[in-house]
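What follows is the residue order along each chain.
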Amino acid sequence: MLRAGTTKLATAAALPICEQQRGMATLKDISLRLKSVKNIQKITKSMKMVAAAKYAKAERDLKGARSYGVGAKAFFDNIDPKTEEAAGETKKKQLLVLITSDRGLCGAVHSSIAKEAKNILNHKAADVDYKLVTIGDKSKAALQRVFASTIALSGNEIGRTPPSFEDAAIAAQAILDSGIEFDEGTILFNKFKTVVSYETSKLPILPLEAIKAKEALNTYDSVDDDVLQSYSEYSLAQLIYYAMKENATSEQSSRMTAMDGASKNAGEMIDKLTLAFNRTRQAVITRELIEIISGAACV
Amino acid sequence: MLARGLRVAAQITKRGLAAAAPAQSSTDQLRFTFASPDKSIFNNTVVKQVDVPTVAGIVGVLASHVPTIGVLKPGVVQVTDNEGQVSKYFVSSGTLSMNIDGSCQVLAEEAIKLEEIDEAAARQELESAQRAQNEGSEKDRAEAGIRVEVADALLKAVGGGH
């Protein structure tokens, strides 16, 4: 009896999640949990491998896309050198394009974008008007409750296949067609640094009128309105493409590490549960033996 | 020869000063970036001259070209690097920007080496695009017109002209 008592205490300590302190977790309960955690571990392992394969492809694509994106940015860097005045007056109408995807289980990738967006929206000056374009369901869901009125456009069906220039072109076209007026825009995305790290970054966008207003434009030769308009529209698509590519790579690497962590945690749980299972099984056998022996002793 | 010697000397001194003056525009080198969405052909490489087909005509860009921007027309981009090697690429559309800091970017939607163009496929594309030009809505006709232009330029490029 005393032995059964101590094993009961030991089991209760090994299963801290066991809410009911009175009944010992039965063999059946533990084996059910064990089975389900093992299944989950299989799922997270396979998700990790899929994410690793997708990450390898995305990183290869990113090499080409990076020089494309940096090239697209070069014109805007030249025409709008970031001086201290950039921190000063923020223009009245701002556009935020949030690049996320539809799929979760990828660590903090989507929540970091949503957090940055919330930060910007909460700390804005009173007369500045922000409009949001959410690409990917995750950012839409995150901002829906509090900032639903600022969301002008949203896109989904992102994340299943690697982003192509066509996707970016569709997004850029939608922004231009929707007639949203903005003086300045920012693309929020996660810039890929290494397999285990990414950085939430911003890309500036300038609409046509803002480009025309920049004095640096005068140094550019033979720029007529037609060319400038085509150029600015095309650049929007180029910048969105670059942001999508970087974000996709960050997402896949983040999913890989997240699923890896989940598999490890599941493995630890399986070990603990297996120990508890064995201890319980031995306790049950001991109890039966004791009952038999004490029963026989009565006879 | 002398000019090249002078240019090399200028490069060396500039490198020494680089730490002190970061945003210096290197006006005697053409830093060229040529990329398409899925691959990068030149990435900030120093080249001698680039000929780019734009809507305004073929623009020949050398070092210290005046800053300009342009929209690409389907045609052949010809790059002459510092050793005199010429490489030709067909581009379908895109943008050109020559910036104040001496860097030039040609960002094409699709870019392939001339040797890799399949002439038979291009001819087929031209024919089907010409057929499509006569039917459909205005937008379809405009799109077919673009296809005809690209296929035409492809065939011209393969044929050896610009």
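Keep in mind that this is a model prediction, so the values were computed, not measured. (Residues numbered from 1 in each chain as written. Chains lettered and ligands numbered in written order. Predicted model: local features only at pLDDT ≥ 70, side-chain atom pairs only at ≥ 80, totals over all residues. Heavy atoms only, no water.)

Asks: Would you explain the side chain of Asn99(B) in this entry?
Replies: Take Asn99(B): it is sitting in the loop between strand E7 (94-98) and strand E8 (103-108). A distance of 2.8 Å separates the side chain of Asn99(B) from the side chain of Gln105(B), its partner in a polar contact. Dropping the residues within four chain positions of it, Asn99(B) is found in contact with Ala74(A), Phe75(A), Asn78(A), Tyr220(A), Pro67(B) and Gln105(B). (Helix = DSSP H or I, 4+ residues; strand = E, 2+ residues; numbered from the N terminus. Polar contact = N/O pair within 3.5 Å; in protein donor to acceptor, adjacent residues only side chain to side chain. Contact = heavy atoms within 4.5 Å.)

Asks: Help me understand the environment of Gln229(A) in this model?
Replies: Residue and element names in this part refer to chain A. Positionally, Gln229 belongs in helix H8 (residues 225-298). Overall, Gln229 belongs to the partly exposed group, its relative accessible area being 36%. Residues Gln229 and Leu208, spaced 21 residues apart in sequence, show a C-alpha to C-alpha distance of 6.3 Å. (Buried < 20%, exposed > 50% of the residue type's maximum accessible area, 1.4 Å probe, protein only.)

Asks: Before we go on, may I ask you to explain the UniProt feature "domain: ATP synthase F1 complex delta/epsilon subunit N-terminal" (unreviewed entry) in chain B in this structure?
Replies: The feature "domain: ATP synthase F1 complex delta/epsilon subunit N-terminal" (unreviewed entry), as annotated in UniProt, sits at residues 31-111 of chain B in this numbering. For residues 31-111 of chain B, helix accounts for 0% and strand for 72%, while the C-alpha atoms at its two ends are 19 Å apart. (UniProt positions renumbered as here; feature names shortened; annotations may be inferred.)

Asks: Can you walk me through unusual backbone geometry in this structure?
Replies: Backbone geometry follows two general trends: most residues other than glycine have a negative phi, and most peptide bonds adopt the trans configuration. In the Ramachandran plot, Leu105(A) falls in the positive-phi region, its phi being about 55° despite a non-glycine side chain. Relative to the elements of secondary structure, Leu105(A) occurs in the loop between strand E1 (93-99) and helix H4 (109-122). Even without being glycine, Asn44(B) reaches a positive phi, approximately 55°. Mapped onto the secondary structure, Asn44(B) falls in strand E2 (residues 39-54). Since its relative accessible area comes to 42%, Asn44(B) is described here as partly exposed.

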